[in-house]
Amino acid sequence: LNDLLERASQLSDKLHSLSTSLTNDLDSHFPPVGRVMMPRPSMCHTSSLQIPNDKDQALKVPEDELLSLARSLLLAWSDPLALLSSEASSLAHPERNTIDSKTKELQDNINSLGAGLEHVVHKMGSSSDNLSSLPFYSNSLGQDKTSRLVNFHFLLSCFRRDSHKIDSFLKVLRCRAAKKRPEMC
Amino acid sequence: VSPPGKPRLTSCRSPEKETFTCWWEPGDDGGLPTTYALYYRLEHSETVNECPDYRTAGENSCFFNKNDTSLWVNYNITVVATNALGKNISDPVEVDVVYIVQPKSPENVTAVVVHEDQGPFVKVLWEKPRTADTRSGWITLLYQLRVKQEKDKEWVEYDAGRQKYYNVFSLHPGKYMVQVRCKPDHGFWSEWTKTTYIKMPDYL
Ligand code: NA
Ligand code: NA
Ligand code: NA
């Protein structure tokens, strides 16, 4: 379990770093009007999920629930990341090739992490498997090139925040599992 | 005399992902007694709150304790300067606490020479900053050390990862300076520690 969670944390760390790097790529050339058009973070499709938002709350959550939260968030990003991945190469942005390859990398990484967390669930022998459903009802980023760029950026900023949550929860789980090796925490 | 100049929010930092502090630079006071107030609004709320604690973090600062600190939510922050002739408001700053984490420096850095068959090496050990709760996994810290002789211009840096020790091999005889710093997985480097000295002996 130690090794599984170590590997999972490395992947979630990578996911968050990649999403930060992608955000910087997008920001390098982003129209000012885009910032005005950007929806508020409360519009993210995952914002209804109740999550612990500080240390005291997070450390009170049982391990299987913390794992379910991370998996629910990950699952919720499967469809939107597929959409981003299919749209990246046609973005009206000079860095579209870099953005495209990093978006594909994000997609590969969430698939690996999802598979890895399945193993963790089995290893932990979690009885409850109550994943929250956070449906994503869109199959297009918009009609014109500015809307597509803005919605791409918006979804990415939602993902960036969620990937930080996933990473934080998995690292708490990693340290709980590593009680015999406290030197790593 | 005149209304106050525009104050400027200079930075917000959290040392441990549990609390945070924002600092501002007052503008011109217009030659009159001027007071400063910090206001904040959370992204999902319309309510404007005033700074909960102007004292703990010293002059021109606002401290947010655990109860006033939430992660993964933007704080929209402004500072208002007021004197008898009027007010002036800073440009707003948006912060999510997860992106402003900068730990305190590591503590109790020690360096010892370890003698082995292949020759001596220097083992550097340290502790995490006291305020950072790495044990629970709430914050993850990565460490770096740097080493040089006093006469050298350039430091040589080594990444220690999450370990709180590092063995430095192939140092020449002489007196060395050692410093350590840490950064969270996603955030800013701490300051370097004060220098720890270690004398590397002659081999023979
Ligand atoms: Na203060
Ligand atoms: Na709190
Ligand atoms: Na650590």
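Residues numbered from 1 in each chain as written. Chains lettered and ligands numbered in written order. Predicted model: local features only at pLDDT ≥ 70, side-chain atom pairs only at ≥ 80, totals over all residues. Heavy atoms only, no water.

Details of the overall build of chain A
Moving on, step 1. Helix and strand counts for chain A stand at seven helices and zero strands.
Moving on, step 2. Ordered by position in the sequence, the α and β elements of chain A form the string α-α-α-α-α-α-α.
Moving on, step 3. In terms of C-alpha radius of gyration, chain A reaches 17 Å, essentially the compact-globule figure of 16 Å for 185 residues.
Moving on, step 4. Summarising its shape, the C-alpha atoms of chain A cover approximately 55 × 30 × 25 Å along the three principal directions.
Moving on, step 5. A buried classification covers 49% of the 185 residues belonging to chain A.
Moving on, step 6. Of the contacts formed within chain A by residues at least 6 apart in sequence, a portion of 87% connects residues at least 24 apart.
Moving on, step 7. Looking at chain A, you have 22 positive and 22 negative side-chain charges, and the mean spots of the two groups are 3 Å apart. (Helix = DSSP H or I, 4+ residues; strand = E, 2+ residues; numbered from the N terminus. Rg over C-alpha atoms; globule rule 2.2 N^0.38 Å. Buried < 20%, exposed > 50% of the residue type's maximum accessible area, 1.4 Å probe, protein only. Contact = heavy atoms within 4.5 Å. Lys, Arg positive; Asp, Glu negative; His and termini not counted. Charge placed at Lys NZ, Arg CZ, Asp CG, Glu CD.)

Some thoughts on the sheet that holds strand 11 (residues 141-149) of chain B
All names here are of chain B.
Moving on, step 1. The strand order across the open sheet built from four strands is 12-11-14-15, with neighbouring strands paired in antiparallel fashion. Strands at the two margins of the open sheet, each flanked by one partner only, are strand 12 (156-161) and strand 15 (196-200). Adjacent strand axes in the sheet meet at a mean angle of 30° when their direction is disregarded.
Moving on, step 2. Direction of pairing for strand 11 relative to strand 12: antiparallel, over a ladder of five bridges. By the bridge assignment for strand 12, Arg146 is matched with Glu157. (Pairing = 2+ DSSP bridges. Axes fitted to C-alpha atoms, helices over the stretch in contact; angles between N-to-C directions.)

Digging into helix 6 (residues 96-124) of chain A
Moving on, step 1. Taking 1.5 Å as the rise per residue, helix 6 of chain A with 29 residues should run 42 Å; its terminal C-alpha atoms sit 41 Å apart, in good agreement.
Moving on, step 2. Just downstream of helix 6 of chain A, Gly125 of chain A is the residue with a positive phi angle, here 60°. (Expected span 1.5 Å × (residues − 1).)

Thoughts on the domain arrangement of chain B
All names here are of chain B.
Moving on, step 1. Split by domain assignment, chain B resolves into domain 1 (8-99) and domain 2 (107-200).
Moving on, step 2. Placing a centre on the C-alpha atoms of domain 1 and another on those of domain 2 gives a separation of 35 Å.
Moving on, step 3. At the junction of the two partners, domain 1 supplies nine residues and domain 2 supplies seven residues.
Moving on, step 4. Of the roughly 670 Å² buried where domain 1 meets domain 2, counting both sides, 57% is carbon and sulfur surface.
Moving on, step 5. Interface area lost by domain 1 to domain 2 is led by Arg13, Glu16 and Lys17, which between them contribute 52%.
Moving on, step 6. If you look at where domain 1 meets domain 2, you find zero salt bridges.
Moving on, step 7. Across the domain 1-domain 2 interface, the total number found is one residue pair in polar contact (both at pLDDT 80 or more). (Domains from an automatic or database assignment. Buried area = accessible area lost by both parts, 1.4 Å probe. Salt bridge = Lys/Arg side-chain N within 4 Å of Asp/Glu carboxyl O. Polar contact = N/O pair within 3.5 Å; in protein donor to acceptor, adjacent residues only side chain to side chain.)

Observations regarding the state of the cysteines
Formally, a disulfide is one covalent bond, and it connects the sulfur atom of one cysteine to the sulfur atom of another.
Residues and elements named next belong to chain A.
Moving on, step 1. Enumeration over the complete set of coordinates arrives at four disulfides over all chains.
Moving on, step 2. Through a disulfide, Cys44 is tied to Cys158; the S-S separation comes to 2.1 Å. Every disulfide takes its handedness from the sign of the S-S torsion; for Cys44 and Cys158 that torsion is -85°, giving left-handed. In this pair, Cys44 is assigned in the loop between helix 2 (32-37) and helix 3 (55-60) and Cys158 in helix 7 (residues 145-177), connecting sequence segments 114 residues apart.
Moving on, step 3. Judged by its relative accessible area of 11%, Cys44 is buried.
Moving on, step 4. Among the residues examined, Cys158 registers a relative accessible area of 2% and is labelled buried.
Moving on, step 5. When the cysteines of chain B that form disulfides are numbered from the N-terminus onward, they connect as 1-2, 3-4. (Disulfide = S-S within 2.5 Å.)

Section: the coordination of the sodium ion (ligand 2)
Moving on, step 1. With distances of 2.1 to 2.4 Å, the protein atoms coordinating the sodium ion (ligand 2) are Asp54 of chain A (OD), Lys66 of chain B (O) and Thr69 of chain B (O). Residue Asp54 of chain A is located in the loop between helix 2 and helix 3, and its partner Lys66 of chain B is located in the loop between strand 5 (61-64) and strand 6 (74-83); the two belong to separate chains.
Moving on, step 2. Its relative accessible area of 17% is what places Asp54 of chain A among the buried residues.
Moving on, step 3. Of the residues examined, Lys66 of chain B reaches a relative accessible area of 36% and is grouped as partly exposed. (Donors = N, O, S within 2.8 Å, 3.2 Å for Na, K, Ca; no water.)

Overview of the interface of chain A and chain B
Moving on, step 1. With 30 residues of chain A at the interface, the matching set in chain B holds 26 residues.
Moving on, step 2. Interface area, chain A with chain B, both sides summed: about 2400 Å², of which 49% is carbon and sulfur.
Moving on, step 3. By the criterion of area lost to chain B, the three top residues of chain A are Lys55, Arg161 and His164 of chain A, representing 25% of everything that side buries.
Moving on, step 4. Notably, a salt bridge pairs Arg162 of chain B with Glu6 of chain A, separated by 3.0 Å at the nearest N-O pair.
Moving on, step 5. Where chain A meets chain B, there are 13 residue pairs in polar contact (both at pLDDT 80 or more).

Some remarks on the sheet that holds strand 2 (residues 20-25) of chain B
Pairing between sheet strands relies on hydrogen bonds along the backbone, with the strands arranged either parallel or antiparallel.
All names here are of chain B.
Moving on, step 1. Spatial ordering of the open sheet is given by 1-2-5, a layout of three strands whose pairing is antiparallel. Edge positions in the sheet fall to strand 1 (8-13) and strand 5, since each has one partner strand and no second. Pairwise comparison of adjacent strand axes, ignoring direction, gives a mean angle of 15° for this sheet.
Moving on, step 2. Taken together, the four bridges between strand 2 and strand 5 define a ladder with antiparallel strand orientation. Residue pairing in the sheet places Cys22 in a bridge with Cys62 of strand 5.

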